[in-house]
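# Overview (structure and organization)
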Amino acid sequence: MKDTQALKDFLHTPRKIVITTHANPDADALGSSLGLHLFLTILGQHVNTIVPNSYPDFLEWMPGNSLVINYEKSREQSDKLLNEAELLFCLDYSGFGRIKDMKGVASSVNAKVALVDHHLNPEIKPDFNFWNDKSAATAELIFDLIINYGGKDTINQDIAECLYAGVMTDTGSFKHNSTTSKVHRMVADLIDLGADVNKVSRLIYDTNSLHRLKFLGHALAEKLQVIEDARVAYFVIGEEDFKDFRLKQGDTEGLVNYALSIKGMVVAAIIIERENEIKLSFRSIGDFAVNKFAEEYFSGGGHKNASGGMSELSLKETEKKFKELIKKDILKTRIK
Ligand code: 5GP
Ligand code: MN
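### Focus: the site of ligand 1
Lining the immediate environment of ligand 1, one finds 14 residues, of which R98, H119, K279, S281 and R283 sit closest. One of the side-chain N or O atoms of S281 is found 2.6 Å from an oxygen atom in ligand 1. Between ligand 1 and the protein, one listed contact pairs an oxygen atom with a backbone N or O atom of G308 at 3.3 Å. When the free accessible area of ligand 1 is taken as 490 Å², the share hidden by the protein chains comes to 78%. Per element, the largest residue contribution to the shell around ligand 1 is five residues, and it comes from strand β12 (residues 306-311).

What follows is the structure, given as structure tokens:
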């Protein structure tokens, strides 16, 4: 956090700031963006938050949601803001490949760049660096930034709940290895500062539609596959499932964890067919690095035990490619 002072110096006068985060924003992406947005606004800065595309309904309760600009819907306004920005924040991503169509303009802005992220192998070369792959969530890094900035008094209930949402979801509700005592201390502070943890968890996890629950039953009964010898379990979800169950974006979130919860599994995946792309999510337990797997074969990345990528093949061909490669790589890892 050595760059906090430099950032503070840069912000001694109000600046035009644009906060950006990765495509298909999750609760950490959006929570850290809005937490920072609200904090910088209190400081008197001129702030806009632009996301590359839409996010699920269950994130719309977040304080500041109405301030978020969707690049796909407001391209002209977004390009103007990006081009005029003096400071660009990159939150929860560290390669411009993660921001879809925003990549062109965001990667060529004149603005200073501040990187706040916890993903491995950052590609962006920032002027202000708040990257740390040991952090459980970008929300944790934003919390540290605010504290080091001397801004603890500005953390109100809204900011506290945005940051809590990010850290709660990125730690899998405080279950992943990333859940350090420091994370719990931060959460204790957020509660003292007004975060209603029951409210946030209900808004994020307990807002299922009936369709979504019926889809969950269908996916578990019909779509879950196991490759016993490789200890891999995965789902393949086609476009027809989205139609049949009237699924919305975000309705498949968390499904992959059911595959990983089967006793003995070491890798889980979900392959999802959406409009004109195929998205893959990977999870693992232990040594198998799914970020390397995603990077090598599916133009993706992420963390050792949670990653994602994409495929331009058909759904069937993607499944075939996944099965072959995961078997090969898992067996190779065991031989070593
Ligand atoms: P999820 O499966 O929840 O979408 O993503 C799991 C993790 O992998 C997240 O940390 C996310 O940032 C990362 N990830 C997901 N999709 C991609 C991708 O297409 N490219 C990269 N580099 N990382 C991804
Ligand atoms: Mn994150």
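Structure's up, so let's keep going.
### Observations regarding the sheet that holds strand β11 (residues 301-302)
The sheet built from six strands is open, its strands ordered β7-β8-β9-β10-β12-β11 with mixed pairing. Looking at the sheet topology across the chains shown, the edges are occupied by β7 (224-227) and β11. Where strand β10 (residues 277-284) lies against β12, six bridges are found, and the strand directions are antiparallel. Residue K279 lies in a different strand from β12, and its bridge partner there is M310. Contacting β7 and β8 (232-237), helix α9 (residues 210-223) crosses the sheet at an angle of about 125° to β8. Running over the sheet, helix α12 (residues 290-298) touches β9 (267-274), β10, β11 and β12 and is turned about 10° from β12.

### Quick notes on unusual backbone geometry
For F174, which is not glycine, the phi torsion reads 65° and is therefore positive. Positionally, F174 belongs in the loop between α6 (157-170) and α7 (181-192). A relative accessible area of 21% places F174 in the partly exposed class. The phi dihedral of S299 is positive, around 45°, even though this residue is not glycine. With respect to the helices and strands, the residue S299 is situated in the loop between α12 and β11.

### Considerations on the coordination of the manganese ion (ligand 2)
The manganese ion (ligand 2) binds to the protein through D28 (OD), D92 (OD), H118 (NE2) and D170 (OD), with metal-donor distances spanning 2.2 to 2.4 Å. In primary-sequence terms, the residues that donate to the manganese ion (ligand 2) follow D-x63-D-x25-H-x51-D. Taken as a pair, D28 in helix α2 (residues 27-42) and D92 in the loop between β4 (87-91) and α4 (103-106) lie far apart in primary sequence, 64 residues in all. The residues D28 and D92 share a single accessibility class, namely buried.

### Focus on the nonpolar core
Counting 52 residues, the largest nonpolar core has L7, L40, L87, F89, L163 and I204 as the members making the most contacts within it. The contact partners of F89, leaving out residues within four places of it in the chain, are L7, I17, V18, I19, T20, L36, L40, A114 and V116. Counting 23 residues, the second-largest nonpolar core is a separate cluster that includes V232, V236, A269 and I278.

### Quick look at the packing of aromatic side chains
Tallied over the full model, the rule gives 13 aromatic pairs. Considering the side-chain rings of F288 and F293, the 6.2 Å spacing of their centres and the 55° angle between planes classify their relative orientation as tilted. Across the pair, F293 and F288 agree in class, each one buried. Here a set of aromatic residues connected by ring pairs shows up, and it is made of Y234, F282, F288, F293, Y297, F298 and F322. Its end group placed over the ring of Y149, K8 keeps NZ or CZ at 5.3 Å from the ring centre. Positioned above the aromatic ring of F10 is the side chain of R15, whose terminal nitrogen or guanidinium carbon lies 3.9 Å from the ring centre.

### With respect to the pattern of salt bridges
Applying the stated criterion across every chain yields a total of 16 salt bridges. Its salt-bridge partner being D144, residue K182 comes within 2.9 Å of it at the nearest N-O pair. Placement of K182 in helix α7 and of D144 in helix α5 (residues 138-148) is noted, with a sequence separation of 38 residues between them. Classification of K182 as partly exposed rests on a relative accessible area of 38%. K223 is the salt-bridge partner of D241, the closest N and O atoms lying 3.3 Å from each other. With D241 in helix α10 (residues 239-244) and K223 in helix α9, this pair connects stretches of sequence that are 18 residues apart. Salt bridges linked by common partners bring E140, D144 and K182 together as one network.

### Structural notes on α2
The end-to-end C-alpha distance of α2 is 22 Å, a good match for the 22 Å that 16 residues give at a rise of 1.5 Å each. Within two residues after α2, G44 carries a phi angle of roughly 95°, on the positive side.

### As for the domain arrangement of the protein
Many descriptions give the size of an interface as the accessible area lost when the pieces come together. By domain assignment, the protein separates into domain 1 (2-205) and domain 2 (210-335). Averaged C-alpha coordinates put domain 1 and domain 2 at centres separated by 27 Å. On the side of domain 2, 11 residues touch domain 1, which itself brings 12 residues to the contact. A buried area of about 880 Å², summed over both sides, lies between domain 1 and domain 2, and 41% of it is on carbon and sulfur atoms. Among the salt bridges present, the one from K248 reaches D57, with a minimum N-O distance of 2.7 Å. Counting across the interface, domain 1 meets domain 2 through three residue pairs in polar contact (both at pLDDT 80 or more).

Criteria and thresholds
Residues numbered from 1 in each chain as written. Chains lettered and ligands numbered in written order. Predicted model: local features only at pLDDT ≥ 70, side-chain atom pairs only at ≥ 80, totals over all residues. Heavy atoms only, no water. Near = heavy atom within 4 Å. Polar contact = N/O pair within 3.5 Å; in protein donor to acceptor, adjacent residues only side chain to side chain. Areas by Shrake-Rupley, 256 points an atom, 1.4 Å probe, with all protein chains shown as cover. Helix = DSSP H or I, 4+ residues; strand = E, 2+ residues; numbered from the N terminus. Pairing = 2+ DSSP bridges. Contact = heavy atoms within 4.5 Å. Axes fitted to C-alpha atoms, helices over the stretch in contact; angles between N-to-C directions. Buried < 20%, exposed > 50% of the residue type's maximum accessible area, 1.4 Å probe, protein only. Donors = N, O, S within 2.8 Å, 3.2 Å for Na, K, Ca; no water. Core = buried A, V, L, I, M, F, W, Y, C linked by side-chain atoms within 4.5 Å. Phe/Tyr/Trp six-rings, centres within 6.5 Å; stacked < 30°, edge-to-face > 60°. Lys NZ or Arg CZ within 6 Å of the ring centre and 35° of its normal. Salt bridge = Lys/Arg side-chain N within 4 Å of Asp/Glu carboxyl O. Expected span 1.5 Å × (residues − 1). Domains from an automatic or database assignment. Buried area = accessible area lost by both parts, 1.4 Å probe.

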